[in-house]
Structure formats: structure tokens, C-alpha cells
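Each chain is listed here by its residues.
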Amino acid sequence: MDGASPDSRSQSNRRALSDIRGERASGLRERVIEGGLFACAAASVLTTLGIVVVLFMEAIPFFFDVSLLEFFGSTQWTPLYADANFGVWPLVGGTLLVTVIAISVALPFGLLAAIYLSEYASERARKIFKPMLEILAGVPTIVYGYFALVFVTPLLQQVIPGMGGFNALSPGIVMGIMIIPMISSLSEDALHAVPDRLRESSYALGINRIQTIWYVTLPAARSGIVAATTLAVSRAIGETMIVAIAAGQMANLTMDPRESVQTMTAYIVQLSTGDVPTGSLEYQTLFAVGALLFLMTFAMNVIGQWFARKVRNQ
Amino acid sequence: MSTTSTKLSVSDLDASYGDHQVLHSIDMDIPAKEVTALIGPSGCGKSTYLRCLNRMHELTTAATVNGTVQLDGADIYHDDIDPVLLRRHIGMVFQKPAPFPTWSIADNVLAGLKLTGGVPDNADEIVEKALKGAALWEEVKDKLDKPGTSLSGGQQQRLCIARAITVEPDVLLMDEPCSAIDPVATARVENLIHELGENYTIVVVTHNMQQAARISDKTAFLMMGELVEFDETSKLFSNPSKQETEDYITGKFG
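Residues numbered from 1 in each chain as written. Chains lettered and ligands numbered in written order. Predicted model: local features only at pLDDT ≥ 70, side-chain atom pairs only at ≥ 80, totals over all residues. Heavy atoms only, no water.

### Comments concerning the packing of aromatic side chains
Applying the stated criterion to the full structure yields 17 aromatic pairs over all chains. Aromatic pair Phe100(B) and Trp103(B): ring centres 5.5 Å apart, planes at 70°, arrangement edge-to-face. Accessibility expressed as a relative area gives 9% for Trp103(B), which makes it buried. Ring plane angle 25° and centroid distance 4.9 Å describe the contact between Phe221(B) and Tyr248(B), whose orientation is recorded as stacked. Taken together, the positions of Phe221(B) in strand S9 (residues 218-223) and Tyr248(B) in helix H10 (residues 243-249) put the pair 27 residues apart, joining distant regions of the chain. Of the two residues, Phe221(B) and Tyr248(B), neither departs from the other in class, the shared state being buried. An aromatic cluster of three or more residues is present, and its members are Phe62(A), Phe63(A), Phe71(A), Phe72(A), Trp77(A), Phe86(A), Trp89(A) and Tyr267(A). Arg163(B) extends its terminal NZ or CZ atom over the ring of Phe100(B), reaching a point 4.2 Å from the ring centre. For Lys218(B), the ring lying beneath its charged end belongs to Phe230(B), and the centroid distance is 4.8 Å. (Phe/Tyr/Trp six-rings, centres within 6.5 Å; stacked < 30°, edge-to-face > 60°. Buried < 20%, exposed > 50% of the residue type's maximum accessible area, 1.4 Å probe, protein only. Helix = DSSP H or I, 4+ residues; strand = E, 2+ residues; numbered from the N terminus. Lys NZ or Arg CZ within 6 Å of the ring centre and 35° of its normal.)

So, in C-alpha cells, the structure goes:
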């Protein structure tokens, strides 16, 4: 463009200016589109906020009638009986019992599966195993619940004496199977992200494969594994269908996995499918239990996300 | 310097990744207790060659090796040789420092002993000796319980060298040990390599010819997976016998 006359250059400048004006006009359209997209994103955030607000608005009046001391102090949960007790521990205990059983199943299996996939499996085996594991998470929970009630419970009854028709063990085990992929998938990502030079440095010291995995690779991936476990715990605490079907409807403060227990979620199902009058104290227990459940899963999610972020930053 | 014995004897060594042959019949006698540098253009196979010397190459998928490598006269590719045990005799330091995360500085130094049969009673002495050997002791002696990953890059690399010499290998392989650290740290590690050369047989891959000239006793020049020239460093850099070597060290290519 060396030989261009001043005249033709100013002409091209004018054209450039008119282009910029066009940009301005379409800038308005950009803003409309951006606004629309923002509204969609905001809708989901506002919905969540709305649910939380309603949950706590309805839960607070409950504590006008039932003190926090009774809620967290009493060990009886009989809101529907004439002699009503509002101690939430049986529900929390039932939830924790099933969750502990589920994690005891899911953590070893999920972690070992992750180790196999990340450290041992060939590319081909990985391609086959990974999607198959993930199918486990895609099975509808109602199917798991039914599976626990009509297949696993009778099986357990043959092996373990005193096993009830409704019990904590069977849904706990089945829930554990369901959350295996949550643990294996995130843990595998974390193991995969461990740089090869760590493994090779270990091999170069004459350390064998198993010890390298146990003492070098797993510790390096620990944040991801903790994140996976926390998110899985959160999922187990909130899981509803399996326990509503197979754990029973008896609020029961026990650590015996053979007995029937009611989890917080199962209580909410029982009550919301029943016919308690709106606005009554029984009705409000729904929100009190719901709010507590929300706080528990929320805390686990925050912890889990915090660890997950730590993994990404490494 | 001339009365040296051979530590590693390589003969007719081929190495491949799947169908792609990277090394073509390398013959080379690596002298004991000297520093041998491997130089050559990127992709010439020098890292692969190094990894064949402690059987790390075979850890890569579809990697194969043919030929023999003898350590003090014994073939390391013999069926009876356990590659895991072999690597206690032939240690390795990598391009990027890799201290074990969650392990303290002291534990990192002891890692090899801890996981391969136990730490003797004089663990503290071993840590001190290894860290002094790696010219790191003065900088870390007051924070041995801090994580190894809290050190700077150059310190981490010297920690990895300390970790490698703790298991008392005969041979130390180094794959571009200074390429990921700053110039000051590089100078320290170079001095260290030179000092270690008095007690260990060292093979160091470098892309930096000045570095090879500074630290090594002998230098091998590789190109396209073949050994072009292997001679005393002073001779190779001042009066190379092959035209390709001269073209490379004078910067005509590479």
C-alpha cells in the first residue's frame, strides 16, 4: 500500500468509519441477546434462591412451636402420634446409617475401579469400562429401590439372622453401588491428572508399581478423591427413592443395620404423599426436616467443591 | 582420567515405539565415574537412549528394545533381571523436578529407602549426607519437615538429585536436568553434576552444548537415532572427526 495516494487512503478511512457505526447499531442487538441470556441464567439462580427462601420461611414458624432444644435434644420422632415428639435424631441417625453403609461400599469399589482404570487398564479397556460404570449412575433410582427390596433384602435375610423385611443394610448397599461411578469417575480424573514424572521418579528409585500407586500417586490425587467422596456422601444423604422403598417408614434411632430406619428424605416422602392439613404443625415438620437436609447436603457440596477446586489448581 | 573402566557397555541397541524405530544399533562404552554427555538435535533419540539404560523405555506403551546393555558385564535385559531392582542401581533425574507431594523434604530424600526395605537407624545422617551431596543442606536444614513442593524449582531439582543418590546407585541418568530451572540454579546443578562425577557414573542428556562442554568428560553426539561420534569432550568440541558433528556444534543446523 506504499504507493497509495492520500486521497484513496482517506476514502478507506471513511469506509472504516461507516463500518464502526454499523458495529454500534448491532451492539444494541448484542446487548439484547446478552440480556436474554442473562435472564435465563438468572432464572435458575433465582429459582434456587426462591426454594431456599420458602424452605426457611416455612421452617421458621415450626420453631415457634417446637424449640430447637427439643428438635435437637429429644430422641423421639413421632409427629403424627397423639403424643407427638419432635426429636429429629432418629431421622438424622437413619440417614447417616444408610449413608455410612453406602460409602463403605462405594469408596473401596470406586477407588479400586479408579486405580484400575487410571493405572492399569489399556486404552481399549478404559473405553469399554468407563461408560459401563457410568451406566450405573443412569439407572433410575426407583429401579434400585425395587432391586433392594425384592432382590437384595431376601438374599440378606438368608445370610444374616434377624434381618428385617425393611432394613438399613439393603438400601445402603444398593445406594453404594449406585454412587460407585461418582467416586470412580472423579477419582480417576484426579489420578489421571497426576503428572507421569512423579510415577517415573518413583520407578527410577526402584519402587514397584503397587507402592508407587499407594505412596506417591494416591497422595498426589488426594484432594480429588476427597472431593469425590464428599460429593458422593452428599448424594447419599439426599437420595430418596431407594430408602423410601426399602428402608421402611419407622423413625428409629438405631445403629443396627438389620433394623428398619426412616431417613430424612423418606420422612418427607411419607408426609407429602399423606394428607396432613396445610399450615399444621405436622405440615411444618416437612420444612424443618427439609431445611436441615438442605444444610447438610449444602455443607458437603461446599466442602466437595472446595477440594475439587484445589485439584484443578494443582 | 585416562585409566577408566567401562561401567555400561551398550552394543547394537535398537529402540522403537511401535513401528517407529528411534534408535539404530548404538554401540558405546560408558566409562565409570565420569560424566558422559549426550547431545544432538531435538528428536534424535537421546532421551529414549537414556531411558533404555535403566529400562524405563519399556514402561511406555508399545515400546520395544533390541540389543544389549551391560552393567559391569551383566546384561540388564537378561530374563533374570528384575527391572524394579535394576533401577536401584541405575537412578534417574528428570527434566522437571518431581518431589513427591505431601512428603516432607526429609521424607522425600528417604523415599527410596522407605519404600524399598526400610530406613536404617541413622536416617538423620543419611538425609544430611544426601542433602550436602546435593548442595542443598544449608538452604533446607532448618525446614526438613516442610513439604518438598514448597521449595523453589532449582531447590526441588537438587532435592530430586539428593533423593536419587540416597539409594546409592552406581549410575545416575539425568534427562535435561537444567532445562526447567533458572540460570543461577542451573549453575549450581551443573557444579553439582561435575562434583558427583567423581563418585558416580553419570550420563546426562542436554540440548545445551556449552553445558555439555562445561560438565562432561566425554560427549556423544547423536543424530537421527544414530551415534555419530563419541569422544573426549575437549576433543569433540575442538576437533571433531565427523563433518556432521562439526556442523552441529558450530550451529549450522539443530
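### With respect to the interface of chain B and chain A
In this assembly, 26 residues from chain B lie in contact with 17 residues from chain A. With both chains or domains summed, chain B and chain A bury close to 1800 Å², and 70% of this area falls on carbon and sulfur atoms. The interface formed by chain B and chain A contains 1 salt bridge. Here Arg51(B) ties to Glu200(A) by a salt bridge, and the two come within 2.7 Å at their closest N and O atoms. Our count for the chain B to chain A interface comes out at 5 residue pairs in polar contact (both at pLDDT 80 or more). Counting residues per element, the ones that place at least two in the side of chain B that touches chain A are helix H2 (83-89), strand S6 (90-93), helix H3 (105-115) and helix H6 (153-166) of chain B. (Contact = heavy atoms within 4.5 Å. Buried area = accessible area lost by both parts, 1.4 Å probe. Salt bridge = Lys/Arg side-chain N within 4 Å of Asp/Glu carboxyl O. Polar contact = N/O pair within 3.5 Å; in protein donor to acceptor, adjacent residues only side chain to side chain.)

### Observations regarding the pattern of salt bridges
Counted according to the given criterion, the structure contains 19 salt bridges over all chains. Here Glu188(A) and Arg126(A) are joined by a salt bridge, their closest N and O atoms 2.6 Å apart. A residue pair is termed long-range when its members are at least 10 positions apart, and Glu188(A) in helix H6 (residues 169-192) and Arg126(A) in helix H4 (residues 123-138) qualify at 62 residues. Its relative accessible area of 1% is what places Glu188(A) among the buried residues. When its relative accessible area of 16% is taken as the criterion, Arg126(A) is described as buried. Residue Glu139(B) is joined to Arg188(B) by a salt bridge in which the shortest nitrogen-to-oxygen separation is 3.1 Å. Taken as a pair, Glu139(B) in helix H5 (residues 137-140) and Arg188(B) in helix H7 (residues 183-196) lie far apart in primary sequence, 49 residues in all. Look at the salt bridges and you will find they share partners, linking Glu123(A), Arg126(A), Lys130(A), Glu188(A) and Asp189(A) into a network.

### Observations concerning the nonpolar core
By size, the foremost hydrophobic cluster in this structure holds 55 residues, and its most contacted members are Trp77(A), Val88(A), Met175(A), Ile179(A) and Met264(A). Examining the composition of this core, we find that 10 residues originate from one element, helix H3 (residues 89-120) of chain A, more than from any other. Residue-level mapping places this core at the junction of two domains, with at least three residues from each of domain 1 (6-65) and domain 2 (89-313) of chain A. When residues no more than four places from it in sequence are discounted, the contact partners of Trp77(A) are Phe71(A), Asn85(A), Phe86(A), Gly87(A), Val88(A), Pro90(A), Leu91(A), Ala251(A), Tyr267(A), Thr285(A) and Val289(A). Judged by nonpolar contacts, the second largest core, of 45 residues, contains Leu136(B), Leu192(B), Ile215(B) and Ile249(B). (Core = buried A, V, L, I, M, F, W, Y, C linked by side-chain atoms within 4.5 Å. Domains from an automatic or database assignment.)

### Notes on the domain arrangement of chain A
Residues and elements named next belong to chain A. Entries for chain A in the domain assignment read domain 1 (6-65) and domain 2 (89-313). If you average the C-alpha positions of domain 1 and of domain 2, the two centres end up 38 Å apart. Opposite the 10 residues of domain 1 that make contact, domain 2 presents 10 residues. Both sides of the domain 1 and domain 2 interface together cover about 870 Å² of buried area, and 85% of this is carbon and sulfur. Put simply, domain 1 and domain 2 have 0 salt bridges between them. Linking domain 1 with domain 2 are 0 residue pairs in polar contact (both at pLDDT 80 or more). Taken together, the residues that form the side of domain 1 that touches domain 2 break down as 8 nonpolar, no polar and 2 charged. (Nonpolar A, V, L, I, M, F, W, Y, C, P; charged D, E, K, R; others polar.)

### Thoughts on the sheet that holds strand S2 (residues 20-31) of chain B
All names here are of chain B. Taken in spatial order, the 4 strands line up as S2-S1-S4-S5 in an open sheet, and their pairing is antiparallel. The open sheet has two edge strands with one neighbour each: S2 and strand S5 (74-75). With 2 bridges joining them, strand S4 (residues 63-71) and S5 adopt antiparallel strand pairing. Bridge pairing links leucine 71 to alanine 74 in S5. (Pairing = 2+ DSSP bridges.)

### Brief notes about empty space enclosed by the protein
Applying the stated rule across the entire model yields 1 cavity of 30 Å³ or more. In this structure, the largest cavity spans a volume of roughly 70 Å³. Forming the boundary of the largest cavity are Ser201(A), Leu205(A), Met92(B), Val93(B), Phe94(B), Lys96(B), Pro97(B), Ala98(B), Gln157(B), Cys160(B), Arg163(B) and Ala164(B). Contributions of two or more residues to the lining of the largest cavity are made by S6 and H6 of chain B. The greatest single-element share of the lining of the largest cavity, amounting to 4 residues, is contributed by H6(B). (1 Å grid on protein atoms, 1.4 Å probe; cavity = no way out; pocket = protein on both sides within 12 Å on 5 of 7 lines; lining within 4 Å. Points joined across faces, edges and corners; volume = space filled by probe spheres on them.)

### A look at the pairing of S9(B)
Residue and element names in this part refer to chain B. Most of S9 is tucked away, with 6 of its 6 residues classed as buried. Along S9, one buried face is formed by Lys218, Ala220 and Leu222 and the opposite face, lined by Thr219, Phe221 and Met223, is buried too. Bridge count for strand S3 (residues 35-39) against S9 is 4 bridges, and the pairing is parallel. The residue of S9 that forms the bridge with isoleucine 39 is phenylalanine 221. Where S9 lies against strand S10 (residues 226-232), 6 bridges are found, and the strand directions are antiparallel. Within S10, the residue paired with alanine 220 across the bridge is phenylalanine 230. Where S9 hands over to S10, the hairpin turn is made up of 2 residues, of which methionine 224 adopts a positive phi near 50°.

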